Amino acid sequence: RQDGPTPTSSPVAELWDLKTLAATRLVLPEDPAPPGAAPDSVQWSEFSRDGARIVTATVSGRVQVWTADGAADGEPLEHGAEVTCARFSPDGKFLAVAAGEKGEAQVKLWELAFPVSRILTGHTERIVHLAWSPDGALLAFETDRDGNGDLYTMPIGGAPSVNVTLHPSSDNNP
């Protein structure tokens, strides 16, 4: 037994029932941290539009989908870089996850029925926020690719992204 911090971590999020004030802990499996590394932590969480599922994402790039009652819905998905945002598509069939830093940023799109991902390319700068169009055909995102925070849209079919707010001041939160 060892007191104090250990070289492993179990990222935790809590799901609160506001009527009963009871909490359900959403605990990711333990993941060995490299020597000297800070423990992993949940960086992002969000409900699906229908309230049936929750996604949590960690600094290390682990993404987990949960049922609304707190049970893991499949194995964790690995992104491999710091996750900045994760969003369910309007129909709940896909999960878009933005991760990475300058030069290595990417958006992965998971089809949740078959946990397979594909990378939506064309990102050179960190992607901070994602939003789906109501029909699920486009993703909007914020990046500073052009020197300041601008908003872009990109079809989920993989076509190039388009800057929709090209001007000198910053734009954020699509």
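Structure: see above.
Residues numbered from 1 in each chain as written. Predicted model: local features only at pLDDT ≥ 70, side-chain atom pairs only at ≥ 80, totals over all residues. Heavy atoms only, no water.

Trainee: It is not clear to me how the pattern of salt bridges should be interpreted in this structure. Could you clarify?
Mentor: Oppositely charged side chains can pair when the atoms bearing their charge come close. Tallied over the entire structure, the rule returns 2 salt bridges. For Arg87, the salt bridge goes to Glu46, with nearest N and O atoms at 3.1 Å. Taken together, the residues Arg87 in strand S9 (residues 83–88) and Glu46 in strand S5 (residues 42–47) connect sequence positions 41 residues apart. Relative accessible area serves as the criterion here: at 23%, Arg87 is assigned to the partly exposed category. (Salt bridge = Lys/Arg side-chain N within 4 Å of Asp/Glu carboxyl O. Helix = DSSP H or I, 4+ residues; strand = E, 2+ residues; numbered from the N terminus. Buried < 20%, exposed > 50% of the residue type's maximum accessible area, 1.4 Å probe, protein only.)

Trainee: Please clarify how the nonpolar core should be interpreted in this entry.
Mentor: Generally speaking, soluble globular proteins have nonpolar side chains that are buried together. Counting 29 residues, the largest nonpolar core has Val63, Leu95, Val107 and Leu130 as its most contacted members. Looking at this core, the elements that each hand over two or more residues are strand S6 (53–58), strand S7 (62–67), S9, strand S10 (94–99), strand S11 (106–111), strand S13 (127–132), strand S14 (138–143) and strand S15 (150–155). For this core, the leading source of residues is S10, giving 5 residues. Those residues within four positions of Val63 in sequence are excluded, and the remaining contacts are Val55, Thr56, Ala57, Pro76, Leu77, Val83, Leu95 and Val97. Formed by 5 residues, the second largest nonpolar core is a distinct cluster that contains Ala13, Leu15, Leu26 and Ile54. (Core = buried A, V, L, I, M, F, W, Y, C linked by side-chain atoms within 4.5 Å. Contact = heavy atoms within 4.5 Å.)

Trainee: Quick question: what am I supposed to make of a nonpolar patch on the surface here?
Mentor: Where nonpolar side chains cluster on the molecular surface, the patch consists of Trp16, Leu18 and Leu21 and spans about 400 Å² of accessible area. Relative to the elements of secondary structure, Leu21 occurs in the loop between strand S2 (12–17) and strand S3 (22–27). Of the residues examined, Leu21 reaches a relative accessible area of 58% and is grouped as exposed. (Patch = residues over 30% accessible without salt bridge, like charges linked within 9 Å, V, L, I, M, F, W, Y side chains within 5 Å. Areas by Shrake-Rupley, 256 points an atom, 1.4 Å probe, with all protein chains shown as cover.)

Trainee: Help me out: how do you make sense of the pairing of S9 in this one?
Mentor: Along any regular strand the residues' side chains alternate between the sheet's two faces. The element S9 is largely enclosed, with a buried count of 5 among its 6 residues. Across 5 bridges, the pairing between S9 and S10 is antiparallel. Residue pairing across strands places Cys85 opposite Ala98, the latter belonging to S10. If you look at the hairpin formed by S9 and S10, you'll find 5 residues sitting between the two strands, and Gly92 has a positive phi there, around 80°. (Pairing = 2+ DSSP bridges.)

Trainee: What is the right way to read the packing of aromatic side chains from this model?
Mentor: In this description, a pair of aromatic rings is defined by centroid distance and the angle of the planes. On inspection of all chains with the given rule, the structure shows 1 aromatic pair. Ring centres 5.5 Å apart and planes at 10° place the aromatic pair Phe141 and Tyr152 in the stacked group. Within this pair, whereas Phe141 is found in strand S14, its partner Tyr152 is found in strand S15, the two being separated by 11 residues in sequence. Across this residue pair, the class does not change: Phe141 and Tyr152 are buried. (Phe/Tyr/Trp six-rings, centres within 6.5 Å; stacked < 30°, edge-to-face > 60°.)

Trainee: It is not clear to me how the sheet that holds S10 should be interpreted in this structure. Could you clarify?
Mentor: Within a sheet, each strand pairs with its neighbour through backbone hydrogen bonds, oriented either parallel or antiparallel. As summarised here, the arrangement of the 4 strands in space is S9-S10-S11-S12, forming an open sheet in which the pairing is antiparallel. Each edge of the sheet is formed by a strand with only one pairing partner; in this case those strands are S9 and strand S12 (116–120). Taking the axes of each pair of neighbouring strands and ignoring which way they run, one obtains an average angle of 20° across the sheet. Where S11 meets S12, 5 bridges bridge the pair, whose relative direction is antiparallel. The residue of S12 that forms the bridge with Lys108 is Ile119. (Axes fitted to C-alpha atoms, helices over the stretch in contact; angles between N-to-C directions.)

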